[in-house]
Amino acid sequence: MSLLLLGLLLLLSGAAANFHEGDFVPSARRAQFGGSRTHWHDLLGRHCPRFGEDHVVAIPLPEPKGFMTADRYKIQFTFDGDRLVTPWLKLMGKGAPNPPIVHIFLKRRGEVLKKAKAEVHQVSQAYLYAHHQLLDEFRNATHWPKHLLVQYSWQAEQEVDALSGLYVVFAICLLAFLVTAVSTLLSYEAKLKAFMADIAGEDFTASGSSAAAAAVKGD
Ligand SMILES: *[C@@H]1O[C@H](CO)[C@@H](O)[C@H](O)[C@H]1NC(C)=O
């Protein structure tokens, strides 16, 4: 039963890809506007997060088909294939920061991407001075493609995880089982010895008494 559970856990943990430092994490985006959604589109390598490296990218957003200027425009990301999906992030429309920047917080544990969290913020003034073209693009409703700033930040989680905790529990259970098995065997062996001794003793007594009987006969 525990072996089955262990196998299942190994299988589940095997679903996440293993990365090396600086590897591209395969990512995709899709958009939602005017009541429709696009398909998932893979991000180019240079727009994907790089494992363990903080950086900022500008992702071009192609003109959505049939987009009305008053439409809300939302975007959604997925990382490591389709394993980690962000909620919908509002980029355009009422209440959206203009121009927006998306902060993606990625959590890693060892070589595995564990979590992805996303937030939309207003691009900082300091950045806008340097890249005012970005602001112009976003404010100009008819200008496409627009460029969306995405900032990737990485955080490392502790290596000691639930799985290794389970390994320890399994190891302790296994040890406890072995100790029980050995002590049971030892007690059986002791009983067996006692039993053999009993039999041997009876034989001895039997032959002893027959010798005694013979002695009585000889008398
Ligand atoms: C908005 O963008 C369009 C297309 O790029 C351009 O022709 C137009 O001049 C821009 N308008 C403003 C006010 O910059």
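That block above? That's the structure.
Residues numbered from 1 in each chain as written. Predicted model: local features only at pLDDT ≥ 70, side-chain atom pairs only at ≥ 80, totals over all residues. Heavy atoms only, no water.

A. Broad picture of the environment of lysine 94. By the element assignment, lysine 94 lies in the loop between strand S7 (89-92) and strand S8 (100-109). When the C-alpha atoms of lysine 94 and aspartate 71 are compared, they prove to be 8.9 Å apart, with 23 residues separating the residues in sequence. (Helix = DSSP H or I, 4+ residues; strand = E, 2+ residues; numbered from the N terminus.)

B. Structural view of the packing of aromatic side chains. Applying the stated criterion to the full structure yields nine aromatic pairs. With 5.2 Å between their ring centres and 20° between their planes, phenylalanine 19 and phenylalanine 51 make a pair best called stacked. In this pair, phenylalanine 19 sits in the loop between helix H1 (2-13) and strand S1 (27-33) while phenylalanine 51 sits in the loop between strand S3 (41-42) and strand S4 (55-61), placing the two residues 32 residues apart along the sequence. The exposure class of phenylalanine 19 is buried, given its relative accessible area of 6%. Among the aromatic residues, those joined into a ring-pair cluster are Phe33, Phe67, Tyr73 and Trp144. (Phe/Tyr/Trp six-rings, centres within 6.5 Å; stacked < 30°, edge-to-face > 60°. Buried < 20%, exposed > 50% of the residue type's maximum accessible area, 1.4 Å probe, protein only.)

C. Structural context of the site of the ligand. In the vicinity of the ligand, the contacting residues are Asn140, Thr142 and His143. A distance of 2.3 Å separates an oxygen atom of the ligand from a polar side-chain atom of asparagine 140. Taken by itself the ligand offers 360 Å² of open surface, and the protein chains cover 29% of this. (Near = heavy atom within 4 Å. Polar contact = N/O pair within 3.5 Å; in protein donor to acceptor, adjacent residues only side chain to side chain. Areas by Shrake-Rupley, 256 points an atom, 1.4 Å probe, with all protein chains shown as cover.)

D. View of the pairing of S4. Residues of S4 alternate between two faces, with His55, Val57, Ile59 and Leu61 buried on one and Val56, Ala58 and Pro60 left unburied on the opposite face. By the bridge criterion, seven bridges tie S4 to strand S10 (residues 146-156) in an arrangement that is antiparallel. The residue bridging valine 56 from the neighbouring strand is glutamine 151, located in S10. (Pairing = 2+ DSSP bridges.)

E. Up close: the sheet that holds S10. If you walk across this open sheet you meet the four strands as S4-S10-S8-S9, and the pairing is mixed. The open sheet terminates on both sides in strands that have one partner only, identified here as S4 and strand S9 (112-122). Between one strand axis and the next, the sheet turns by 25° as a mean value, whatever way the strands run. Against the sheet, helix H3 (residues 132-139) makes contact with S4, S8 and S10, and its axis sits at roughly 120° relative to S10, the strand it touches most. (Axes fitted to C-alpha atoms, helices over the stretch in contact; angles between N-to-C directions. Contact = heavy atoms within 4.5 Å.)

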